[in-house]
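Listed here are the chains, written in short residue letters.
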Amino acid sequence: MANAQQTAGAPVEKISLLRVLGPAHVWALGVGIVLVGEYMGWNFGVGKGGAYAALIACWFAGLLYTCVAMIDSEVTSTVAAAGGQYTQAKHIIGPLMAFNVGLYLVFAYTMLEAGNAITIGFLVDQVANMFGHSGIDQRPFIVVSILFLAWLNYRGVLATLNFNLVITAIAFIAILLLFVGTAVLPNSPLDHAGLMSDQAALPYGWIGVVAAMHFGLWYYLGIEGTTQAAEEVRSPARALPFGTMAGIITLLIAASLTWYVCAGLMPWEYLGQAGVPLFDAGRLSGSTFLLVLLGIGTLFSTLASANGCINDASRAWFAMGRDHYLPQWFGAVHPKYRTPYRSIIFLVPIALIFALGAPLDQVITFSILSGLLEYTFMPINVIMFRRKWPLDTIKRGYVHPFHPVPAIVLLTLCGVTYFAVFLGYGTQLIAMVGFYIVVSLWFHFWRYRFVKRGDQFTMPWPRPRGY
């Protein structure tokens, strides 16, 4: 009885996430989530505006995400906690913004996860058709891929991101070898001159360039996910900026090479609606080795992306539960594996519903819009961050240059992309904004009463300037 009472009266040890990750894992998380955008999805921009429109959108979206990477690297190397942009918002702006940013993150990554699962099913069907097996049921492959990756995330972050590191590297090398095999070696099958006529390049004029910005984001969507690992990185001030900036450089290279090869192998009308364009490029290269390699690369990139999405969405959901923005039940850490296991399990059926019941372009648009809303918050966030805590008041792991130019550029490009989405998916854009307004009202009138504002401010900073 005495032992029982002593045990009952003893302080309960708080179980926290493990700090086991390095810069390579941060790179693998960011690039792993995004590299699938080179293997599928970006090419819908070709259908919107033509081949040159997709290239211009690729570079402008690259500028947008470079601003995202620089801003994120400064703020997250300073606010190093699970939740990424959600945690930034709760420290710098306030609870309502934090709640919305948390939802943007969760839906952006969960929808991207669903899109990846759809692509895995489509790839299996394509390969089966090549061997004479038509009409294969894609749904079991979609379900198994999501369940396997959720289980991997459940078991531990180090194994999860080691897995991502290996398969992401292979998928990136596959793009490099495709470029070498089709553009550098003799007897190149690329035919840009024949495929890139004036009509094929910009069939809808410059308005097509604006429309292509919608899917131009898909080349890079998710690189900001590196911030979700902040609480599990050994040295956030060093690893987060290094991994994030190395990641955006990797993606800029991969995106440009992907466009160059695919635009030289496929007519824009086909490329604009292809389900797995890089795999198709491997088929058209005339090399069996490249065909197999790009098939493996497509599979690995989708697995790496879905794997990273489960990791990031669950961290954001976990952080919101821990801070009482959602029921505290979601803020639990597994006593053995040290993962946010309840958040991982809870988000699985949501991903399955969209993967099994929605078309790929709609799922991609849902993910892009959620990400776009998050990027719109970031310029406001970094400007307030610099005003409240100037450079000489707190230590930063990285200071982004030319402030506030990146914030202004990011906000401008977000405005252009909203217009681009409205041109093709205006109804979905309005519906999503309406959804977020409704849940904001729910949080303000009901859930906010459970938030302990003082407890969630965890950074040891001086009082903000002006307070």
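Since we're looking at a predicted model, the values are computed, not measured.

**With respect to helix H8 (residues 139-155)**
Three or four residues apart is the spacing at which side chains of an α-helix point the same way, because the helix has 3.6 residues per turn. Between its first and last C-alpha atoms H8 spans 25 Å; for 17 residues at 1.5 Å apiece the expected length is 24 Å, and the two agree. Those residues of H8 not exposed but buried are Ile142, Ser145, Ile146, Leu149, Ala150, Leu152 and Asn153. Down the axis, H8 shows its buried residues gathered within 160 degrees of arc, on one side only. H8 presents Arg139 and Val144 as exposed residues on the side facing more than 90 degrees away from its buried surface. Each element contacted by the buried residues of H8 is listed here: helix H7 (95-130), helix H9 (157-184), helix H16 (288-322) and helix H17 (341-357). Among the residues trailing H8, Gly156 stands out with phi positive, at a value near 150 degrees.

**Considerations on the nonpolar core**
Counting residues in each nonpolar core, the largest one holds 145 residues, and the members touching the most others are Leu35, Tyr65, Tyr220, Trp259, Tyr375, Leu410 and Tyr436. Here this core gets 15 residues from one element, more than from any other, and that element is H7. Every residue in contact with Tyr65, bar those within four places of it in the chain, is listed here: Leu217, Tyr220, Leu221, Gly222, Ile223, Glu224, Ile248 and Tyr375.

**Some remarks on the pattern of salt bridges**
Any two side chains of opposite charge can pair if their charged atoms end up close together. Per the counting criterion, the structure on display carries 7 salt bridges. Across the pair Asp280 and Arg283 runs a salt bridge whose closest N-O atoms are separated by 3.6 Å. Note that Asp280 and Arg283 are positioned in helix H15 (residues 277-284) at a spacing of 3 residues, about one turn of the helix. Each of Glu74, Arg386 and Arg396 takes part in one network of salt bridges that share partners.

**As for the packing of helix H12 (residues 206-216) against helix H19 (residues 405-445)**
Interaxial distance between H12 and H19 falls to 7 Å at its minimum, and their mutual angle equals 95 degrees. With respect to H19, the element H12 is oriented roughly perpendicular. Mapping the contact onto sequence places Ile207, Val210, Ala211, Met213, His214 and Phe215 in H12 and Val416, Thr417, Phe419, Ala420, Val421, Leu423 and Tyr425 in H19. A per-class count over the contact of H12 with H19 returns 11 nonpolar, 2 polar and no charged.

**Points about a nonpolar patch on the surface**
On the surface, Tyr204, Ile207, Phe419, Phe422, Leu423 and Ile430 cluster together into a nonpolar patch covering about 610 Å² of accessible area. If you tally residues by element for the nonpolar patch, the top one is H19, at 4 residues. Inspection of the secondary structure assignment puts Phe419 in helix H19. When its relative accessible area of 41% is taken as the criterion, Phe419 is described as partly exposed.

**Brief notes about the packing of aromatic side chains**
Using the criterion set out here, one finds 30 aromatic pairs in the structure. On the numbers, 4.5 Å between centres and 10 degrees between planes, the contact of Phe99 with Phe443 is stacked. Taken as a pair, Phe99 in helix H7 and Phe443 in helix H19 lie far apart in primary sequence, 344 residues in all. For the residue pair Phe99 and Phe443, the accessibility class agrees, reading buried in each case. Members of the aromatic cluster, connected to one another through ring pairs, are Tyr86, Phe99, Tyr325, Trp442, Phe443 and Tyr448.

**Quick look at unusual backbone geometry**
Across the junction of His403 and Pro404, the peptide omega takes the value 10 degrees, indicating a cis bond. The backbone of His324 shows a phi angle near 70 degrees, a positive value even though the residue is not glycine. Inspection of the secondary structure puts His324 in the loop between H16 and H17. According to the relative accessible area criterion, His324 is buried, its value standing at 17%.

The rules behind the values
Residues take numbers from 1 onward in each chain, read along the sequence in its written order. Predicted model: local features are reported for residues with pLDDT of at least 70 only, side-chain atom pairs are reported and counted for 80 or more only, and whole-chain, interface and lining totals are derived from all residues. Remark: hydrogens and water are excluded; side-chain values derive from all non-hydrogen atoms of the structure. Segments assigned H or I by DSSP are reported as helices when at least four residues long, segments assigned E as strands when at least two residues long, and all are numbered from the N terminus. Working rule for helices: expected span equals 1.5 Å times residues minus one. Between buried and exposed lies partly exposed: a residue is buried under 20% and exposed over 50% of the maximum accessible area for its type, with that area taken using a 1.4 Å probe on protein chains only. Of all possible arcs, the one meant is that of the directions from the helix axis to the C-beta atoms. Contact criterion: two residues are considered in contact whenever any of their non-hydrogen atoms come within 4.5 Å of each other. Within this scheme, the nonpolar core is defined by two criteria: the residues are buried Ala, Val, Leu, Ile, Met, Phe, Trp, Tyr or Cys, and they are joined through side-chain atoms within 4.5 Å. Salt bridges are defined as contacts in which a side-chain nitrogen from Lys or Arg sits within 4 Å of a carboxyl oxygen from Asp or Glu. Note on method: axes are straight lines fitted to C-alpha atoms, helices fitted across the in-contact stretch only, with angles between N-to-C directions ranging 0 to 180 degrees. Between 65 and 115 degrees an angle is taken as roughly perpendicular, under 35 as roughly parallel, over 145 as roughly antiparallel, and anywhere else as oblique. In this classification, Asp, Glu, Lys and Arg are treated as charged, Ala, Val, Leu, Ile, Met, Phe, Trp, Tyr, Cys and Pro as nonpolar, and every other residue, Gly included, as polar. A patch is a set of surface residues, each over 30% in relative accessible area and not in a salt bridge, joined within 9 Å for like charges and within 5 Å for the nonpolar side chains Val, Leu, Ile, Met, Phe, Trp and Tyr. Accessible areas in this description were obtained via Shrake-Rupley with a 1.4 Å probe; residue shielding takes into account the shown protein chains only. When the centres of two rings from Phe, Tyr and Trp lie within 6.5 Å, Trp using its six-membered ring, the rings pair. Their planes under 30 degrees apart give stacked, over 60 give edge-to-face, and anything left gives tilted.

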